[in-house]
Amino acid sequence: MEVRQLEERPGLRELVEKILGAPSAHDVGPHAWGGVNPFSPEAQKGNSGSPLPQGLFAMSFRVIALCLYACFFAASAAAQSTAVVLGVVQDATGAVIPEAVVRIENPVTRFRAEMRTAKDGTFEIRNIPFHTYSVTVEREGFEPHQETVSLRTNVPHEMIVRLAPAGVRESVTVSASGELLVDPEETGTHWQMNQGDIERLALQAGNKGLESIIVSMPGFAQNANGAIHPRGAHNQMTFVIDGMPVSDQLTGAFANAVDPNIVQTVELFTGNVPAEYGNKVSAVANITTRSGMGTARRFGGSTLVNAAQFDLLSQVTHVSGESGHVGYSAVLTTSKTNRYLDAVSLDNLHNGGNNERLFTRLDWHPGARNVFRLNLMAGRASFQLANLRSQHANGMDQRQLLRDGAVAFGWVHTLNAQTTIDANLSARKAQSRLRPSAGDIPVTASQARQMSTITAGARLNAIRGRHNLRAGFDLQRYPISEHFTLGITSPEFNDPNDEANFNPNLLPLDLTRGGRLFDFRARRTGGMYSGFAQDVVSIGRLNLSLGVRFDAYRFIVNGNQLQPRLGAAFHIRETGTVLRVSYARLYQTPPNENLLLSSSPQVAALTPPAVQEALGGWAPIRPEEQNFLEAGFQQAIGKRASLNVAYYHKNSKNLQDNDNFLDTGIIFPITLARIRVNGVEGRLVGPVSRGFSYTLSVTHSRAVATPPFTGGLFLGSGAVESFTQGAFIIDHDQPLSVHAVASWNHPKGWYATVSNRYDYGLVANPSDPAEVAADPDFYDLLPYVKLDQTPARVRPRNIVDLVVGFEKSRDQKKRYDIGLQLTNLTDRTALYNFQSIFVGTRIVQPFTAGIRLRWYF
């Protein structure tokens, strides 16, 4: 048995050509505020809640034409960050071996891909996340071959594997499992999850997206409606879907989240984020979607039906296949439930909703040197906003409509055996509409908001000796339009006789005292223009990650930032240890959701006079500038487990955060002057052994923010005034969270997955316990919040979820899968947060039982 790089063996020109093809400082921007209504009269007429004029598939023909034109005639786009392994399998005489099994896998990430060689002995495996893997080649009558490969670039990794006849061992096959328990080239915190892991988890009902999966990793504090706080940040996270960056806040109340059912693999970066990523980088989820290439069939798929309490009914249909050089994959997801969002009271009032999502991926491989990909995505969600008891009694009936659509085109071109270029142009549009009702209290509000993001860029990837080089640029434009109205509908809210809490600046909006609606309309286009270069260098036991990025931000404010991204890892082979350290300068732009409104002097004028005086006047929202240090280690524990531990320190100015408007689906960006975050986290992974596997994630973080704040729409005065006093522990702070997942799979098809999550409790509003006890909306939540300590916190919670089921296979093909899903198995009553100025009050979903059935075809 032997394996050699193609370029090392003389006389292999024909094989090369068969596999690869023939050679060949900030300033406020001007004209920030306009009076243009971004929506048509029909869309605003009566604010009836009818669909926005753009519809579900919201991209105009001009945008689609621009995407296709640019993709075919320009090399411009974001990254395609997956690897390719290709080659040929031969016998000792050089004759090709068809039907040999080629398998690539990693025991820690649990990624596994397998295929059989073609009639000419060739194989090609794509969509492999960057990591270190074991490659195994087997064929009856021959000795098996196994080796370890490091895949860190989309430059194809080429192999020629020669198998010796059975019983004739030309070289020793060494098991790679022990080597793969640590990654000697990883200079920062980097996790992976795969489709198989995701499918077996117990997920809550409602509009929970990929965030509900990611929260099982260390470094994430869990919040309501799928929101997560990565390492002390609010939600400054980017999802890169097959090269298309999405930096919108993708949680159930604010936007349609990423559907977990489209995912093949997820790479999660939380430390030493590579220089190619920018914009929102407290965490980056690099998502590779499911492809039809490599399925070896023209048509196939599955349909999953899920039914549970709270009238939950959902289905997921996936179809895929390939024919010649073309592959396709499509996922349609629909669901409806009477607990769409996390409830604001124990009664779960007025909380129904439904959503639909569609994803399609088309792949075209016209030759060995070119790969083209087209992605189409669309989503829609319509739901009620959960009521408090007093609101429900008054007939409050607010509803929200979310729509989004996206098109992305990608291209990878192989120049030679050491160099590729990749390109991708994408356009995404998201719309949100809040419909008021006649029974709204204590305020009424409406919203019609639209955001678009158009992204273009390019990447050059090259391997030169010990250097793995990657360089490129990104161009982003984001047109935004906003329309928002607000009025006070309860005479007790902002009562002039309550001198301690009265805000005279809100009196003109008091509809009960002759006021009129606050009406804000604006439209503007911003942009960010970026370039980067990075080099990964291997010098014996030492691996260096050397990167630099430059961002030029042009929107409400203008700013530039040079960002070094530097890391080092040292491998102590004798003990199975990897030591690492990194430093990064990060530049995080403000959320675009309601950014025009939050940065406007009109909204600043509504702030209480005392706060205005303390803040010294209006100021726009600026990007966050952050220094990020991390140190950690990986340790192989024998051949049975892998331990990864990290310490991090972040120091930022202009912290990005959100003000959630009175438990609605409206958020307003804010900044706080500074934040300091320190944290320690660890993850223990047990690879599959006799069907069992497990992970254990532990996180401790401390987040201290310093006022003053900028932006937002705060109607109450007490909490806002506290922002002007001094440093405080913000609700991103989580002293301890522990997330454990254990899985068992029996060879005959039985399986079970149990997860347990403990959270110490997020910071709550420092409410007066006596006032809460007298409030009919909140009195019964007092046992679940600790208001007698500083800072106030919701009480600790421990939530257990369980899935058990059976998967039937016949002739090595899956036939059906039936499972029982139990979430919050012990029926623990608990809060995510309580009267928080940032996120309001939300309650953990109680015990829910459901059944799911999947048919394969």
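Quick look at the structure, then. (Residues numbered from 1 in each chain as written. Predicted model: local features only at pLDDT ≥ 70, side-chain atom pairs only at ≥ 80, totals over all residues. Heavy atoms only, no water.)

## Topic: the overall build of the protein chain
Alright, step 1. Secondary structure assignment for the protein chain yields 11 helices and 43 strands.
Alright, step 2. Counting every position in the protein chain, which comprises 857 residues, the buried fraction comes to 60%.
Alright, step 3. Only carbon and sulfur atoms are counted for the fraction: they give 58% of the accessible area of the protein chain, which is about 32100 Å². (Helix = DSSP H or I, 4+ residues; strand = E, 2+ residues; numbered from the N terminus. Buried < 20%, exposed > 50% of the residue type's maximum accessible area, 1.4 Å probe, protein only. Areas by Shrake-Rupley, 256 points an atom, 1.4 Å probe, with all protein chains shown as cover.)

## Observations concerning the side chain of Arg459
Alright, step 1. Relative to the helices and strands, Arg459 is located in strand E24 (residues 443-464).
Alright, step 2. Reaching out from Arg459, the side chain makes a polar contact with the side chain of Asp474 at a distance of 3.2 Å. (Polar contact = N/O pair within 3.5 Å; in protein donor to acceptor, adjacent residues only side chain to side chain.)

## Describing the pairing of strand E7 (residues 131-138)
Along any regular strand, the residues point their side chains to alternate faces of the sheet.
Alright, step 1. Counting buried residues in E7 gives 7 out of 8 residues, a clear majority hidden from the surface.
Alright, step 2. In textbook terms, the turn of a hairpin is the stretch between consecutive antiparallel strands, and for E7 and strand E8 (residues 145-151) this stretch comprises 6 residues, one of which, Gly141, has a positive phi near 95°. (Pairing = 2+ DSSP bridges.)

## Considerations on the nonpolar core
Alright, step 1. The biggest cluster of nonpolar side chains holds 40 residues, and the ones touching the most others in it are Phe484, Leu486, Phe518, Tyr553, Phe555, Phe661 and Leu713.
Alright, step 2. Put simply, the parts of the chain that give this core at least two residues each are strand E21 (370-384), E24, strand E25 (467-488), strand E26 (518-539), helix H7 (595-598) and strand E32 (667-689).
Alright, step 3. In terms of residues, this core owes the most to one element, E25, which gives 5 residues.
Alright, step 4. If you look at the next biggest cluster of nonpolar residues, it comprises 35 residues, including Val215, Phe220, Ala257 and Ala406. (Core = buried A, V, L, I, M, F, W, Y, C linked by side-chain atoms within 4.5 Å.)

## Considering the sheet that holds strand E5 (residues 112-116)
Alright, step 1. Strand order across the open sheet formed by 4 strands is E5-E4-E7-E8, with antiparallel pairing between neighbours. Each edge of the open sheet carries a strand with a single partner, namely E5 and E8. Each strand axis lies, on average, 20° off the axis of its neighbour in the sheet, ignoring direction.
Alright, step 2. Here E7 runs beside E8; their pairing, made up of 7 bridges, is antiparallel. Across the sheet, the residue bridging to Thr136 is Gln146, located in E8. (Axes fitted to C-alpha atoms, helices over the stretch in contact; angles between N-to-C directions.)

## Re the pattern of salt bridges
Pairs may arise between side chains of opposite charge once their charged atoms sit close together.
Alright, step 1. Under the counting rule described, the total for this entry stands at 39 salt bridges.
Alright, step 2. Linking Asp259 and Arg357 is a salt bridge whose minimum nitrogen-to-oxygen distance equals 3.8 Å. In this pair, Asp259 sits in the loop between strand E14 (244-246) and strand E15 (263-269) while Arg357 sits in strand E20 (residues 353-367), placing the two residues 98 residues apart along the sequence. Across this residue pair, the class does not change: Asp259 and Arg357 are buried.
Alright, step 3. Members of the salt-bridge network, linked through shared partners, are Arg103, Glu105, Arg112, Glu114 and Glu138. (Salt bridge = Lys/Arg side-chain N within 4 Å of Asp/Glu carboxyl O.)

## Observations concerning empty space enclosed by the protein
Alright, step 1. Of the volumes computed, that of the second largest cavity is approximately 450 Å³.
Alright, step 2. Elements with a minimum of two residues in the lining of the second largest cavity: E15, E25, E26 and strand E27 (542-554).
Alright, step 3. Within the lining of the second largest cavity, the residues separate by chemical class into 9 nonpolar, 13 polar and 7 charged. (1 Å grid on protein atoms, 1.4 Å probe; cavity = no way out; pocket = protein on both sides within 12 Å on 5 of 7 lines; lining within 4 Å. Points joined across faces, edges and corners; volume = space filled by probe spheres on them. Nonpolar A, V, L, I, M, F, W, Y, C, P; charged D, E, K, R; others polar.)

## Overview of the environment of Leu486
Alright, step 1. Here Leu486 shows up in strand E25.
Alright, step 2. Considering only alpha carbons, one finds Leu486 and Thr444, 42 residues apart in sequence, at a separation of 5.8 Å.

## Concerning the sheet that holds strand E16 (residues 283-289)
Alright, step 1. The mixed open sheet is built from 5 strands, whose spatial order is E10-E15-E16-E13-E14. Looking at strand neighbours, the two that pair on one side only are strand E10 (190-194) and E14, the edges of this open sheet. Direction aside, neighbouring strands of the sheet carry axes that sit 20° apart on average.
Alright, step 2. Across 6 bridges, the pairing between E15 and E16 is antiparallel. When the sheet's bridge partners are listed, Phe269 is paired in E16 with Val284.

## Re the packing of aromatic side chains
Alright, step 1. Per the stated rule, a full pass over the model turns up 14 aromatic pairs.
Alright, step 2. Taking the centre distance of 6.4 Å and the plane angle of 35° together, the rings of Phe692 and Trp744 count as tilted. Of this pair, Phe692 sits in strand E33 (residues 692-711) while Trp744 sits in strand E35 (residues 734-745), placing them 52 residues apart in sequence.
Alright, step 3. Consider the rings of Trp750 and Phe806, whose centres lie 4.8 Å apart with planes at 50°: the pair is tilted. You can see Trp750 sitting in strand E36 (residues 750-759) and its partner Phe806 sitting in strand E39 (residues 797-810), a full 56 residues away along the chain.
Alright, step 4. Through a chain of ring-to-ring contacts, the aromatic side chains of Trp364, Phe372, Phe409 and Trp411 assemble into a single cluster.
Alright, step 5. One Lys or Arg, Arg683, reaches over the ring of Trp191 and ends 5.6 Å from the middle of that ring. (Phe/Tyr/Trp six-rings, centres within 6.5 Å; stacked < 30°, edge-to-face > 60°. Lys NZ or Arg CZ within 6 Å of the ring centre and 35° of its normal.)

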